[in-house]
Amino acid sequence: MAPREVFERELTELQNQIEDMSRMVQESYKELLDAFENKDENAVLEIINSDKQFYDRKKEIEGQCLKLITKQQPIATDLRIVSSVLKIVTDIERVGDHAGDIGELLLRIRMNPLGEYSLHLEGMITAALELFANAIDAYLKSDLEASNQVIKDDDVVDALFNKVKQDIIKGLKEESKNADEYIDMMMLAKYLEKIGDHAVNIAKWQIFRKEGKLV
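Residues numbered from 1 in each chain as written. Predicted model: local features only at pLDDT ≥ 70, side-chain atom pairs only at ≥ 80, totals over all residues. Heavy atoms only, no water.

**What to know about the overall build of the protein chain**
Logical step 1: When helices and strands are tallied, the protein chain shows 7 helices and 0 strands.
Logical step 2: In the protein chain, the succession of helices and strands from N to C terminus is α-α-α-α-α-α-α.
Logical step 3: Dimensions of the protein chain along its principal axes, counting C-alpha atoms only, are 70 × 35 × 20 Å.
Logical step 4: Here the protein chain, with 215 residues, has 44% of them falling under the buried criterion.
Logical step 5: In the protein chain, of all internal contacts separated by at least 6 residues, the share reaching a separation of at least 24 is 86%.
Logical step 6: Approximately 11100 Å² of the protein chain is accessible, and the part contributed by carbon and sulfur atoms is 49%.
Logical step 7: Looking at charge distribution, the protein chain has the averaged site of its 29 positive side-chain charges lying 5 Å from that of its 42 negative ones. (Helix = DSSP H or I, 4+ residues; strand = E, 2+ residues; numbered from the N terminus. Buried < 20%, exposed > 50% of the residue type's maximum accessible area, 1.4 Å probe, protein only. Contact = heavy atoms within 4.5 Å. Areas by Shrake-Rupley, 256 points an atom, 1.4 Å probe, with all protein chains shown as cover. Lys, Arg positive; Asp, Glu negative; His and termini not counted. Charge placed at Lys NZ, Arg CZ, Asp CG, Glu CD.)

This is the structure in structure tokens:
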């Protein structure tokens, strides 16, 4: 097989690895939300204790990228592809890690309904996870328009974060006995905001991969 064919095959494998890792992260959140809905604390604990899998996958993909760089010495577009993967895999790992962080907070509030703290928390969860899914989809499809839309849609997550923050402040004033729980929910909202930020990073690296410019 010609060196170029080998290189393109390895690039395709990198894309497949990104897709698989992203699917793992999304499945982790689905399992977390199902466990929360069913008040299954053991299932939440399993998710908390499984976050190392994302680190392991990240290191594996990074190793493949570095091997490609040293063996094939890619230039121009090819190098941008490999470089974008190196960056994106870190954002994916951090989104995966936040599933465990959020799970810990849900246990701390004894799996109480989120609406007790803010009516906007559930909507923020949906918006943040959709933004992440859209960023990954845009990357895998090399869709510049969709990537730019992800950057714009982060405003939705930020607006919900501000609404949650106002609800938390109001709750702290009215029910000081639950201060720790309200603060935990503020931390949960912050993790969701970070998921939105990681989605934006992925979109920006997709634009870099296609156009060679950093947004």
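Having seen the model, we can carry on.
**Quick look at the packing of aromatic side chains**
Logical step 1: All chains considered together, the criterion is met by 2 aromatic pairs.
Logical step 2: Ring geometry for tryptophan 205 against phenylalanine 208: centres 5.2 Å apart, planes inclined by 85°, an arrangement best described as edge-to-face. With tryptophan 205 and phenylalanine 208 both in helix H7 (residues 179-211) and 3 residues apart, this pair spans about one turn of that helix. There is no split in this pair, since tryptophan 205 and phenylalanine 208 are both buried.
Logical step 3: A cation over a ring is seen here: arginine 209 above tyrosine 139, with NZ or CZ 4.1 Å from the ring centre. (Phe/Tyr/Trp six-rings, centres within 6.5 Å; stacked < 30°, edge-to-face > 60°. Lys NZ or Arg CZ within 6 Å of the ring centre and 35° of its normal.)

**A word on helix H3 (residues 52-72)**
Logical step 1: Counted at 1.5 Å a residue, the expected span for H3 with its 21 residues is 30 Å, and the 30 Å between its end C-alpha atoms agrees.
Logical step 2: Those residues of H3 that sit buried are Phe54, Arg57, Lys58, Ile61, Glu62, Cys65 and Leu68. On an axial view of H3, the arc spanned by its buried residues comes to 135°, and they lie on one face. The outward face of H3, more than 90 degrees from its buried face, is lined by the exposed residues Lys52, Thr70 and Lys71.
Logical step 3: At the exit of H3 stands glutamine 73, carrying a positive phi of roughly 50°. (Expected span 1.5 Å × (residues − 1). Arc of directions from axis to C-beta.)

**Some remarks on the pattern of salt bridges**
A pair can form between side chains of opposite charge whenever their charged atoms are brought close.
Logical step 1: Applying the stated criterion across every chain, the model contains 14 salt bridges.
Logical step 2: Measuring nitrogen to oxygen at the nearest pair gives 3.1 Å for the salt bridge that ties aspartate 34 to lysine 30. Here aspartate 34 pairs with lysine 30, and both are found in helix H1 (residues 3-37), just 4 residues apart, close to one helical turn.
Logical step 3: One network of salt bridges, in which partners are shared, links Lys58, Lys59, Glu62 and Glu93. (Salt bridge = Lys/Arg side-chain N within 4 Å of Asp/Glu carboxyl O.)

**What about the nonpolar core?**
Logical step 1: Ranked by internal contacts, the top residues of the largest apolar core, which has 62 residues, are Ile92, Ile102, Leu106, Met185 and Ile195.
Logical step 2: Of all the secondary structure elements, the ones that give two or more residues to this core are H1, helix H2 (41-48), H3, helix H4 (76-108), helix H5 (121-140), helix H6 (144-174) and H7.
Logical step 3: Tallying contributions element by element places H7 first for this core, with 13 residues. (Core = buried A, V, L, I, M, F, W, Y, C linked by side-chain atoms within 4.5 Å.)

**Description of a nonpolar patch on the surface**
Logical step 1: A surface patch of nonpolar side chains, amounting to about 230 Å² of accessible area, comprises Leu172, Ile183 and Met187.
Logical step 2: Take isoleucine 183: it is sitting in helix H7. (Patch = residues over 30% accessible without salt bridge, like charges linked within 9 Å, V, L, I, M, F, W, Y side chains within 5 Å.)

**As for the environment of lysine 52**
Logical step 1: For lysine 52, the position within the fold is in helix H3.
Logical step 2: C-alpha separation for the pair lysine 52 and glycine 115, spaced 63 residues apart in sequence, amounts to 31 Å.

**Digging into the confidence of the model for the protein chain**
Logical step 1: Within the protein chain, residue pLDDT values average 93, and 97% of them lie at 70 or more.
Logical step 2: Across the protein chain, the element-wise mean pLDDT spans from 91 in H3 up to 98 in H5. (pLDDT = per-residue confidence, 0-100.)

**Some thoughts on a negative patch on the surface**
Logical step 1: A contiguous patch of negative charge, built from Glu27, Glu31, Asp40, Glu41 and Glu46, is present on the exposed surface.
Logical step 2: With respect to the helices, strands and loops of the structure, aspartate 40 is situated in the loop between H1 and H2.

**Side note on unusual backbone geometry**
Logical step 1: Despite not being glycine, lysine 39 has its phi angle at roughly 55°, a positive value.
Logical step 2: One non-glycine residue, serine 142, lies in positive phi territory at about 55°.
Logical step 3: Mapped onto the elements of the fold, serine 142 is located in the loop between H5 and H6.
Logical step 4: Judged by its relative accessible area of 28%, serine 142 falls in the partly exposed class.

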